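# Chains, contacts and geometry: an overview
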Amino acid sequence: MKRRKKAVALRYKDGDRAPRVVAKGKGLLAERILSIAREHGIPIYDDGELVEFLSLLDIYEEIPPHLYRAVAEILAFVYQVTGRKDHL
C-alpha cells in the first residue's frame, strides 16, 4: 500500500524564538502546500522522518527544542540555495 504524501511548512521570522508550523497536510493538501511553495520559489526540503514529527505539531506551534538541530539543517539548506533569509 502506498503511503500518502505529507508536507509541513515552516516559518521563521526575526524575533521568533523558534520556527513555527504554518501549514501541514497529507494527500491532496500536501500536494497543494508543495505547489504553493514552488509557485513562490520557496525551497523544498524532503525529509520524511522529520515531516512525521512536525506533522504532530499544531498550526502556529513552535518547533520543540529536540527538533532544533534538524530544522537548523533545513535553514542552512535554504540559506545556501537562496542566498537569502527572507524565504522562511
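Small disclaimer: the values here were computed from a predicted structure and weren't measured.

### Comments concerning the overall build of the protein chain
Regarding its fold elements, the protein chain presents three helices and two strands. When the helices and strands of the protein chain are read in sequence order from the N terminus, they spell out β-β-α-α-α. Its C-alpha atoms give the protein chain a radius of gyration of 13 Å, within 12% of the compact-globule value 12 Å for 88 residues. With respect to the principal axes defined by its C-alpha atoms, the protein chain has extents near 40 × 30 × 20 Å. Residues classed as buried in the protein chain amount to 30% of the 88 residues present.

### Quick look at the packing of aromatic side chains
The full count for this structure, using the stated rule, is one aromatic pair. Here the aromatic rings of Tyr 45 and Phe 77 are separated by 5.2 Å at their centres, their planes lie at 65°, and the arrangement is edge-to-face. Of this pair, Tyr 45 sits in the loop between helix H1 (28-39) and helix H2 (48-54) while Phe 77 sits in helix H3 (residues 68-82), and the two are 32 residues apart along the sequence.

### Description of the nonpolar core
Core analysis: the largest hydrophobic core is formed by 13 residues, its most contacted members being Val 8, Leu 50, Leu 54, Leu 57 and Ile 63. At the level of elements, H2 and H3 are the ones that each hand at least two residues to this core. In this structure, Val 8 is in contact with Val 21, Ala 23, Lys 24, Val 51, Leu 54 and Ser 55, ignoring residues within four places of it in sequence.

### Some points on H3
The terminal C-alpha atoms of H3, which comprises 15 residues, lie 21 Å apart, in line with the 21 Å expected from a rise of 1.5 Å per residue. Burial in H3 covers these residues: Val 71, Ile 74, Leu 75 and Val 78. Here the buried residues of H3 occupy an arc of 100° about the axis, which is enough to place them on one side. Among the exposed residues of H3, those oriented more than 90 degrees off its buried face are Arg 69 and Gln 80. Check the buried side of H3 and you find it contacts strand E1 (6-11) and H2. The first or second residue beyond H3 is Gly 83, which carries a positive phi of 70°.

### Regarding H1
In a regular helix each residue adds 1.5 Å, so 12 residues correspond to 16 Å; H1 covers 16 Å between its end C-alpha atoms and thus fits that length. Each element contacted by the buried residues of H1 is listed here: E1 and strand E2 (20-26). The first or second residue beyond H1 is Gly 41, which carries a positive phi of 70°.

### A word on unusual backbone geometry
The backbone phi angle of Tyr 60 is positive, close to 70°, even though this residue is not glycine. Summarising the element assignment, Tyr 60 is placed in the loop between H2 and H3. Exposure remark for Tyr 60: the relative accessible area of 51% places this residue in the exposed category.

The rules we used
- Residues numbered from 1 in each chain as written.
- Predicted model: local features only at pLDDT ≥ 70, side-chain atom pairs only at ≥ 80, totals over all residues.
- Heavy atoms only, no water.
- Helix = DSSP H or I, 4+ residues; strand = E, 2+ residues; numbered from the N terminus.
- Rg over C-alpha atoms; globule rule 2.2 N^0.38 Å.
- Buried < 20%, exposed > 50% of the residue type's maximum accessible area, 1.4 Å probe, protein only.
- Phe/Tyr/Trp six-rings, centres within 6.5 Å; stacked < 30°, edge-to-face > 60°.
- Core = buried A, V, L, I, M, F, W, Y, C linked by side-chain atoms within 4.5 Å.
- Contact = heavy atoms within 4.5 Å.
- Expected span 1.5 Å × (residues − 1).
- Arc of directions from axis to C-beta.

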